[in-house]
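# Observations on the three-dimensional arrangement
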Amino acid sequence: MMNTKRKIYPGQPGTQKWIKKYGDDLVCIRYKYDPDTHRKMITVELVVEEKEWHKNYDHIPENKMMAIRIEYGERELGLKVRSVGGTWNRKEKLWYLPWNAIKALSLQDRVVTFSNNRKSRPP
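The sections below set out a description of the structure shown in this document.

## A closer look at the pattern of salt bridges
For the coordinates displayed, the defined rule picks out four salt bridges. Ionic pairing is found between Glu62 and Lys103, a salt bridge with its closest N-O pair at 2.8 Å. Of this pair, Glu62 sits in the loop between β3 (39–46) and β4 (65–68) while Lys103 is found in helix α3 (residues 99–104), placing the two residues 41 residues apart along the sequence. Residue class for Lys103 comes out partly exposed when judged on its relative accessible area of 33%. In this structure, Arg110 engages Glu74 in a salt bridge whose closest nitrogen and oxygen atoms are separated by 2.8 Å. A residue pair is termed long-range when its members are at least 10 positions apart, and Arg110 in the segment after α3 and Glu74 in the loop between β4 and α2 (75–83) qualify at 36 residues. According to the relative accessible area criterion, Arg110 is partly exposed, its value standing at 23%.

Next comes the structure, spelled out in structure tokens:
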């Protein structure tokens with residue numbers, strides 16, 4: 001098993017040879033050692049593609065726990081939520097389940113929005 005013992009970045013001592021070879025594409029250099037074979041490897045990390053990127057603030061991770069409201073008496077819906085792993089929070093009187101389960105049950109309109117502008121928070 002290889003162990004990384006040292007990681008250096010362009011401009012640090014020991015990088016001039018690699019900067020000459022790879023130029024601005026050089027990200028870092030790693031020194032790896034294999035204790036079984038007594039071998040040292042020098043690896044380089046390079047930029048191979050660069051393009052514009054913007055964070056999608058509307059994206060919700062599939063496994064994010066979200067709170068939904070189910071009214072008293074909606075027993076059948078409560079059983080469905082429980083069957084996909086939903087948990088009841090007695091204090092808040094809300095069900096919590098992962099976003100992918102909310103989408104699968106088409107319950108997006110029942111997601112509770114909290115005052116701190118986040119869609120939901122964990123129980």
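## What to know about the nonpolar core
Core analysis: the biggest nonpolar cluster contains 13 residues, and Ile68, Val81 and Ile102 have the highest contact counts within it. Where this core is concerned, the elements lending two or more residues are β4, α2, β6 (94–98) and α3. Of all the elements, α3 adds the most residues to this core, at three residues. Sequence-distant contacts of Val81, that is, excluding residues within four places in its chain, are made with Ile68, Ile70, Gly86, Trp95, Leu97, Leu105 and Leu107.

Definitions and limits used
All residue numbers refer to position in the chain's written sequence, counted from 1. Reporting in this predicted model follows two pLDDT cut-offs: at least 70 for local features of residues, and 80 or more for side-chain atom pairs to be given and counted; totals over whole chains, interfaces and linings ignore these cut-offs and use all residues. Heavy atoms throughout the structure, all of them, feed into the side-chain values; hydrogens and water do not. Salt bridge, as used here, is a side-chain nitrogen of Lys or Arg placed within 4 Å of a carboxyl oxygen of Asp or Glu. Helix and strand definitions here come from DSSP, where helices need a minimum of 4 consecutive H or I residues and strands a minimum of 2 consecutive E residues; each element is numbered from the N-terminal end. Three labels apply to residues, based on accessible area from a 1.4 Å probe with only protein chains included: buried if under 20% of the type maximum, exposed if over 50%, partly exposed otherwise in between. We call a set of buried residues a nonpolar core when its members are Ala, Val, Leu, Ile, Met, Phe, Trp, Tyr or Cys and they connect through side-chain atoms within 4.5 Å of each other. Residue contacts follow a heavy-atom distance rule, with two residues in contact if any of their heavy atoms lie within 4.5 Å.

Everything listed here is a matter of coordinates, which is why it stays silent on function.
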